[in-house]
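Secondary and tertiary structure notes
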Amino acid sequence: MRTIASAPVIGPVLRQERIEAIDILRGVAILGILLVNMRLFSMPEGLPAHQLWPSAVDETVERLILFFSQEKFKALFSFLFGLGLAVQMMRADARGAQFLPLYARRLGVLFLIGVAHFLLVWDGDILHDYALLGVALLLFRRSSPKTLLVGAGALLAIPILLYSLTTYSAITGRVNPPVKQWIAYEHGSEDDGTVDESSDTYARGSYAEMVTLRASELPRDMSPDTDDAYVLAIFLLGLYAGRRRIFHDVSAHLPFIRRVQRWGLIIGVAGNAAFAAGGSFDPSPTSVAQNVGRLCLVLAAPALMLFYASTIILLTQRETWRRRLAPLAAVGRTALSNYLLQSLICTTIFYSYGLALFGKVSPSLGLLLTITIFLIQIPLSVWWLRRFQFGPIEWLWRSLTYWQRQPMRVSASVRGGRQIGAGAVT
C-alpha cells in the first residue's frame, strides 16, 4: 500500500483525546443489538415466536425484548454514527485536515465490508446501509442545529405516515391501491414464498445456496425504504448532539441531559408499552393493536434510546460508575469486530453448515445464549486492547482507508498512554 498525499490527515485518536462515554455507549449498543438479532439468527423471519414456542416464559421474554430492546440499540448505534461525523469533522477542522476525501473513503471501505458480511455471513447486515446513508448524512454536515432537528422531524414523519396508513387500513379494512402497493413494498409482501424458501435454505441448504440466496436479495435490500428515512433521522439527532458539543462538555449540559432523560423515559415507557402489547415488529394487516403499537414505536424507540444514553452519560460523571462501565468502552472501541464476531458465532450455531439449530432454540434459551456471548465479548475486548491498538476489522478498515498499513501491536513503552484506534463505526 502506498502512502497517501502529504496534506494533513486525521490520525489515530490518542487515548486522552477519546470521549469515554461515547465508547461506553457504543459498547452498550453493540451488545444490545444482539438481543434483537438473536431472534433473526435463530428462527424464520416474520413468524410469531409464540407459534413455535407457546410457553408463558418464552412469551414474556419476547415481549420484554420488544419493550426494552427492539429498535432501541439500533437507534443508539445510528445516533452514535451521526455523532461520530460531528466529532471527526471537529478534529479535522482543528488540525487543518481534509475531512471530506477521508470520510468518503471510510464510507467506501465500510460499504465493501458490509456487502461482504451480507453475502458471505448474514443478510441482516446494517453496515452497507450505514455507508450508503452516510453519503446522505454528508449533505447535512454544515447544517445548523435547528435545521438538523427539523430534518430529523421531517424524516420521522415518513414512517409515522406509513404506520398511520396501516393502522387506518386495519381499522377500516379499506385502503386505496397506491397506498396498498406502498405498504406491500415496505413489508416485502410482494415476495410471497421467499420467507419459507429462506428458512428452508438456512435450516437445510448448503453454504453455496445461502450465498446465492443472499446475492439475489441484495438489490432489494439496497433499495430505499421507510427504514432508511428512520435511520437517517437518528443520524441527524446524533449530528445535532455533536454540533452542540454535548459530549465534549457534559457538565455544561447537565440540565439539558436530565430533561432528555426525563422525557425520554416518559415517552419511551408509554409508547413501548403499546408496542409490546401489540406484540409484533411486523404487524399483521388486520391487527389494530399491532399496527398502533408499531406506530408508537417510531417515536418511542428513539425516546427510550435517549433515556438509556442520557442515563449512561450521567453515570459516567461518577468515578465509581466510570470504573464499572470501563470494560464496555473496550467493546465500543472494537465495535465493528464485535458486531461481525456476533454474526460468525450465531450463524455457525444456527445454520445448517454449523450446529443446524435454526428454528430449534426458544426465545428464553436465545436470551441465555445472548448473555453468554456478552460475557465472552467483554473480557475478550479488554484483553485484545491490552495488546493491540485496534480491533482486527478496525485495523483493516483504517489501513484500507489510508491505503497504508497501520501499526497493530501496542509497544511496551506506550502501554500506559497508548493510542487506541477510532475504529468503531463512526
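Because the structure is a prediction, the values reported are computed rather than measured. (Residues numbered from 1 in each chain as written. Predicted model: local features only at pLDDT ≥ 70, side-chain atom pairs only at ≥ 80, totals over all residues. Heavy atoms only, no water.)

1. A look at the overall build of the chain
Summing up its helical and strand segments, the chain has 17 helices and zero strands in all. Counting only residues that meet the buried cut, the chain has 50% of its 426 residues in that class. In the chain, once contacts between residues fewer than 6 apart in sequence are set aside, the share between residues at least 24 apart is 80%. About 18,800 Å² of surface is accessible on the chain, with carbon and sulfur atoms providing 65% of the total. (Helix = DSSP H or I, 4+ residues; strand = E, 2+ residues; numbered from the N terminus. Buried < 20%, exposed > 50% of the residue type's maximum accessible area, 1.4 Å probe, protein only. Contact = heavy atoms within 4.5 Å. Areas by Shrake-Rupley, 256 points an atom, 1.4 Å probe, with all protein chains shown as cover.)

2. Quick word on the side chain of Ser-69
Tracing the sequence through the fold places Ser-69 in the loop between helix H3 (56-68) and helix H4 (72-95). Here Ser-69 falls in the buried class, since its relative accessible area comes to 5%. Contacts of Ser-69, omitting those with residues within four sequence positions, involve Leu-35, Val-36 and Leu-64.

3. Considering the environment of Gln-88
In this fold, Gln-88 is placed in helix H4. Separated by 15 residues in the primary sequence, Gln-88 and Tyr-103 place their C-alpha atoms 8.6 Å from one another. There is a polar contact of 3.3 Å between the side chain of Gln-88 and the side chain of Arg-106. (Polar contact = N/O pair within 3.5 Å; in protein donor to acceptor, adjacent residues only side chain to side chain.)

4. Side note on the packing of helix H1 (residues 20-42) against helix H13 (residues 288-315)
The axes of two packed helices give the description: the angle between them and the distance between them. Closest axis-to-axis distance for the H1/H13 pair is 10 Å, and the angle between their directions is 140 degrees. The pairing of H1 with H13 is recorded here as oblique in orientation. For the pair H1 and H13, the crossing hand works out as right-handed. Of the residues in H13, those touching H1 at Ile-24, Leu-25 and Val-28 are Ala-309, Ile-312 and Ile-313. By residue class, the composition of the contact of H1 with H13 is six nonpolar, no polar and no charged. (Axes fitted to C-alpha atoms, helices over the stretch in contact; angles between N-to-C directions. Parallel < 35°, antiparallel > 145°, perpendicular 65-115°, else oblique. Left-handed = near helix turned anticlockwise from the far one by under 90°. Nonpolar A, V, L, I, M, F, W, Y, C, P; charged D, E, K, R; others polar.)

5. Description of unusual backbone geometry
Backbone geometry places Ala-356, a non-glycine residue, at a positive phi of 55 degrees. By secondary structure assignment, the location of Ala-356 is in the loop between helix H15 (335-350) and helix H16 (363-385). Phi at Trp-403 is positive, roughly 55 degrees, even though this residue is not glycine. Mapping Trp-403 onto the fold places it in the segment after helix H17 (392-402). The exposure class of Trp-403 is partly exposed, given its relative accessible area of 41%.

6. Structural notes on the packing of aromatic side chains
The full count for this structure, using the stated rule, is 17 aromatic pairs. Plain terms: the ring middles of Phe-73 and Tyr-308 are 5.6 Å apart, the flat faces sit at 20 degrees to each other, and that makes the pair stacked. Of this pair, Phe-73 sits in helix H4 while Tyr-308 sits in helix H13; the two residues are 235 residues apart in sequence, bridging distant segments of the chain. Exposure remark for Phe-73: the relative accessible area of 11% places this residue in the buried category. (Phe/Tyr/Trp six-rings, centres within 6.5 Å; stacked < 30°, edge-to-face > 60°.)

7. Brief notes about the pattern of salt bridges
Counted according to the given criterion, the structure contains nine salt bridges. What emerges from the salt-bridge pattern is a single network uniting Asp-23, Arg-26 and Arg-333. (Salt bridge = Lys/Arg side-chain N within 4 Å of Asp/Glu carboxyl O.)

8. Some points on the side chain of Lys-72
Its place among the elements puts Lys-72 in helix H4. Nearest to the buried, unbridged Lys-72 among oppositely charged side chains is Glu-71, at 8.4 Å. There is a polar contact of 2.5 Å between the side chain of Lys-72 and the side chain of Asn-272. Leave out the neighbours within four places in its chain, and Lys-72 touches Leu-66, Phe-67, Asn-272, Phe-275, Leu-297, Ala-301, Leu-304, Met-305 and Tyr-308. (Lys, Arg positive; Asp, Glu negative; His and termini not counted.)

9. Remarks on helix H12 (residues 254-278)
For H12, which comprises 25 residues, the first-to-last C-alpha distance of 35 Å matches the rise-based estimate of 36 Å (1.5 Å per residue) to within 8%. Taken as a whole, H12 has its buried residues at Leu-254, Ile-257, Gly-264, Gly-268, Gly-271, Asn-272, Phe-275, Ala-276 and Gly-278. The inward-facing, buried residues of H12 abut H3, H4 and H13. Once H12 finishes, Gly-279 follows within two positions and takes phi at roughly 85 degrees, a positive value. (Expected span 1.5 Å × (residues − 1).)

10. Some details on the environment of Ala-274
For Ala-274, the location among the structural elements is in helix H12. When residues no more than four places from it in sequence are discounted, the contact partners of Ala-274 are Gly-293 and Cys-296.

11. Observations concerning the confidence of the model for the chain
Mean pLDDT for the chain: 89, with 89% of residues reaching 70 or above. Predicted confidence is poor over residues 1-12, with pLDDT under 50, and the contacts of this stretch with residues over four places away or in other chains come to 38 contacts. Residue range residues 417-424 is modelled with pLDDT below 50. Its contacts to residues more than four positions away, or to other chains, number 36 contacts. (pLDDT = per-residue confidence, 0-100.)

12. Observations regarding the packing of H1 against helix H14 (residues 319-333)
Remark: H1 packs on H14, axes separated minimally by 7 Å, with the N-to-C direction vectors making an angle of 70 degrees. Taken together, the axes of H1 and H14 lie roughly perpendicular to each other. Crossing of H1 over H14 shows left-handed handedness. Packed against H1, whose contacting residues are Glu-20, Asp-23, Ile-24, Arg-26, Gly-27, Val-28, Ile-30 and Leu-31, the element H14 presents Arg-322, Leu-325, Ala-326, Leu-328, Ala-329, Val-331, Gly-332 and Arg-333 at the interface.

13. Regarding H17
Turning to H17, its buried residues number three or more, namely Glu-394, Trp-397, Arg-398, Ser-399, Thr-401 and Tyr-402. Residues of H17 that are buried sit in contact with helix H5 (99-120), H14 and H15.

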